[in-house]
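# Architecture at a glance
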Amino acid sequence: QVQLVESGGGLVQAGGSLSLSCAASGRSFSNYAMGWFRQAPGKEREFAAAINWSGSITYYADSVKGRFTISRDNAKNTVYLQMNSLKPDDTAVYYCAANSSGRNYRLQGSYEYWGQGTQVSVSA
């Protein structure tokens, strides 16, 4: 069992930055690839970014590539999402998730554990 708790959401103006954190507890954090997904009002949850177990490989949705950076610190059992140049379209609840298979990073069904989410709101 892995417990995930996101933090760092809030309200920011367009063009601003936010940094999200996801703290993990339970089974060995370094055994899991980690992902960030988001769900905007009235829309389905979608993939945003993912990172492999060691942090050596990252993946991004086209919509966030070049603006968001995912990273992890296995010593602190934490994964991060640095979000720069935020746009109103980035407004969503952001979820972190853990994937033990190390495959299919973009698919929600590949993730066994999910956090409760943190709200990010970007004003125009």
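These notes cover the structure that comes with them. No experiment lies behind these values; they were computed from the predicted model shown.

### A closer look at the nonpolar core
Residues Leu-4, Met-34, Trp-36, Leu-81, Met-83 and Tyr-94 are the most contacted members of the largest nonpolar core, which totals 38 residues. Looking at this core, the elements that each hand over two or more residues are β1 (2-7), β3 (18-26), β4 (33-39), β5 (46-51), β7 (68-73), β8 (78-83), β9 (92-99) and β11 (118-123).

### Things to note about the state of the cysteines
Scanning all chains against the criterion turns up 1 disulfide. The residue that forms a disulfide with Cys-22 is Cys-96, at a sulfur-sulfur distance of 1.9 Å. Given an S-S torsion of about 45 degrees, the disulfide between Cys-22 and Cys-96 has right-handed geometry. Remark: Cys-96 occurs in strand β9 and Cys-22 occurs in strand β3; sequence separation between them is 74 residues. The pair Cys-22 / Cys-96 is uniform in exposure class, with both members buried.

### Digging into the environment of Lys-76
Along the chain, Lys-76 turns up in the loop between β7 and β8. A relative accessible area of 57% places Lys-76 in the exposed class. Separated by 27 residues in the primary sequence, Lys-76 and Ala-49 have C-alpha atoms spaced 20 Å apart.

### Describing the sheet that holds β3
The antiparallel open sheet is built from 4 strands, whose spatial order is β1-β3-β8-β7. Each of the sheet's edge strands pairs with one partner strand only, and the pair in question is β1 and β7. In this sheet, neighbouring strand axes are inclined to one another by 15 degrees on average, regardless of whether the strands run parallel or antiparallel. Across 6 bridges, β3 lies against β8 in antiparallel orientation. Looking at β8, one finds that Ser-19 is bridged to Gln-82.

### A word on the pattern of salt bridges
Evaluation of the coordinates by the stated rule reveals 4 salt bridges. Notably, a salt bridge pairs Glu-46 with Arg-38, separated by 2.8 Å at the nearest N-O pair. By relative accessible area, Glu-46 is classed as partly exposed at 36%. The buried category is assigned to Arg-38, whose relative accessible area is 6%. Of the charged contacts, one joins Asp-90 and Arg-67 as a salt bridge, the two residues approaching to 2.7 Å between their closest N and O atoms.

Cut-off values and rules
Residues numbered from 1 in each chain as written. Predicted model: local features only at pLDDT ≥ 70, side-chain atom pairs only at ≥ 80, totals over all residues. Heavy atoms only, no water. Core = buried A, V, L, I, M, F, W, Y, C linked by side-chain atoms within 4.5 Å. Buried < 20%, exposed > 50% of the residue type's maximum accessible area, 1.4 Å probe, protein only. Helix = DSSP H or I, 4+ residues; strand = E, 2+ residues; numbered from the N terminus. Disulfide = S-S within 2.5 Å. Pairing = 2+ DSSP bridges. Axes fitted to C-alpha atoms, helices over the stretch in contact; angles between N-to-C directions. Salt bridge = Lys/Arg side-chain N within 4 Å of Asp/Glu carboxyl O.

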